[in-house]
Amino acid sequence: MDFKVPDRLTCPACGSVEAMACAFPIRSATTDGKGALMFDCADCGTGRTVYTEDLSGCYEEDYYSYSPEGYSSRRKFLKGLMYKYLKFLPRSISHRWLTVVPPGRTGKVLDVGCGCGNSLDVWKRIGWQTFGTEISEAPAKICVANGHDVRLSFKPAEAFAGSTFEWITLDNVLEHVEDPGELLAELKTAMTEDSVMTICVPNYGGTPSRVFGRYWDAILPEQHLTHFTRKGLEALIGRCGLRVKATSFQPRFHLPTDNVARFGQPAELETAQALAQKWKKSAVARLVTGGRMTEADGYFMTIEATL
Ligand SMILES: [Zn+2]
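What counts and what doesn't
- Residues numbered from 1 in each chain as written.
- Predicted model: local features only at pLDDT ≥ 70, side-chain atom pairs only at ≥ 80, totals over all residues.
- Heavy atoms only, no water.
- Donors = N, O, S within 2.8 Å, 3.2 Å for Na, K, Ca; no water.
- Tetrahedral: all angles 85-135°; square planar, octahedral: opposite > 155°, others 65-115°.
- Buried < 20%, exposed > 50% of the residue type's maximum accessible area, 1.4 Å probe, protein only.
- Helix = DSSP H or I, 4+ residues; strand = E, 2+ residues; numbered from the N terminus.
- Right-handed = clockwise from strand over helix to strand, strands pointing away.
- Pairing = 2+ DSSP bridges.
- Phe/Tyr/Trp six-rings, centres within 6.5 Å; stacked < 30°, edge-to-face > 60°.
- Lys NZ or Arg CZ within 6 Å of the ring centre and 35° of its normal.
- Salt bridge = Lys/Arg side-chain N within 4 Å of Asp/Glu carboxyl O.
- Axes fitted to C-alpha atoms, helices over the stretch in contact; angles between N-to-C directions.

### With respect to the coordination of the zinc ion
At 2.3 Å from the zinc ion lie its protein donor atoms, namely Cys11 (SG), Cys14 (SG), Cys41 (SG) and Cys44 (SG). Metal-centred angles of 105 to 113° between the four donor atoms at the zinc ion mark the site as tetrahedral. All donors of the zinc ion come from a single chain, and their spacing in sequence reads C-x2-C-x26-C-x2-C. One exposure class covers both Cys41 and Cys44, and it is buried.

Right, dumping it as structure tokens:
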């Protein structure tokens, strides 16, 4: 890999060629502020991590979705129960509380980057035929042992060539890939007129990202490459020939303070934490009272797309 900072960067979301500029050096507990820069797009607000040093190496061991223990069978059972009764709730409500909500029918689901299959286990429980792709062997084996058709591949549509799916999910996956547009375009070939694609990503346009700035925990410099705003992700979906059906935002109940604690509370973070506390109160109040959830409220953002 080349670690020279590029003179010009194309926005991975909206495709702007001139709009990306260096915004800040990324800080994280593991990299100690070295090795990565954030470039922001002046057109759509999307951010892109640019490596100036090799930060690879801690991906597989540390990443939570690769830990089968990270998701207890009790939690899976409760989640299965919750999703089973979801169909009795209007989608305007379920989308506020949950990042990834299945379409109101069953069929074949393809979970791209399925990890140990925690979601597939739940979808199977409520009647879906479960398929997935993974780039890492150990979690893929766990999925197969649990009865899911999971293949090792960077190219999901190619791995299941000739198949189409009623539902395709990318749950906190698109921000990891080198070329998100290429992946979406590939997945489009596995969709029919009736298919839904659900994409959930950390929301770079939300208040938590804005107040924590370089300390925002979802920047994860070793793993996350693209940091989407609503404008950016909607533009990307359009550029791939897909249609945005619905966009929703979800808050998070515990604040992103892990990185903060490890930096020993620099002064700029005290202000950020106070602002974030305020955000949490207002976002959670709106969530509970049924007020409109805006981009600012979302720690996560979910977009449903169709052909
Ligand atoms: Zn852009």
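Now that the structure has been shown, we can carry on.
### Some remarks on the pairing of strand β4 (residues 108-112)
With four of five residues buried, β4 lies mostly within the body of the structure. In this fold, the crossover linking β4 to strand β5 (residues 129-134) by way of helix α4 (residues 118-125) has right-handed handedness. Sheet topology note: the β4/strand β7 (residues 167-171) ladder contains three bridges and is parallel. Across the sheet, residue Asp111 finds its bridge partner in β7, namely Thr169.

### Regarding the packing of aromatic side chains
Working definition: an aromatic ring pair is given by the centre-to-centre distance plus the angle between the planes. Under the counting rule described, the total for this entry stands at eight aromatic pairs. Aromatic side chains Tyr299 and Phe300 sit 4.9 Å apart centroid to centroid with 70° between the ring planes, which places their arrangement in the edge-to-face category. Grouping residues by exposure puts Tyr299 and Phe300 together as buried. Taken together, the aromatic side chains of Tyr204, Trp216, Tyr299 and Phe300 make up a single cluster linked through ring pairs. When the ring centre of Phe131 is taken as reference, the NZ or CZ atom of Lys108 above it lies at 5.4 Å. In this arrangement the basic side chain of Arg210 is found over the ring face of Tyr204, its NZ or CZ atom lying 5.1 Å from the centre.

### A look at the pattern of salt bridges
Within this structure, the stated rule accounts for seven salt bridges. The salt bridge partner of Arg8 is Glu18, with a shortest N-O separation of 3.8 Å. In this pair, Arg8 is assigned in the segment before β1 (20-25) and Glu18 in the segment before β1, connecting sequence segments ten residues apart. Classification of Arg8 by relative accessible area gives exposed; the value is 57%. Across the pair Arg48 and Glu178 runs a salt bridge whose closest N-O atoms are separated by 3.3 Å. Taken together, the residues Arg48 in strand β3 (residues 47-51) and Glu178 in the loop between β7 and α7 (180-188) connect sequence positions 130 residues apart.

### What to know about the sheet that holds β7
Taken in spatial order, the seven strands make up an open sheet running β6-β5-β4-β7-β8-β11-β10, and their pairing is mixed. The outermost strands of the open sheet, each flanked by one partner alone, are β6 (149-152) and β10 (243-250). Neighbouring strand axes in the sheet, compared pairwise and without regard to direction, differ in orientation by 15° on average. Pairing between β5 and β6: four bridges, direction parallel.

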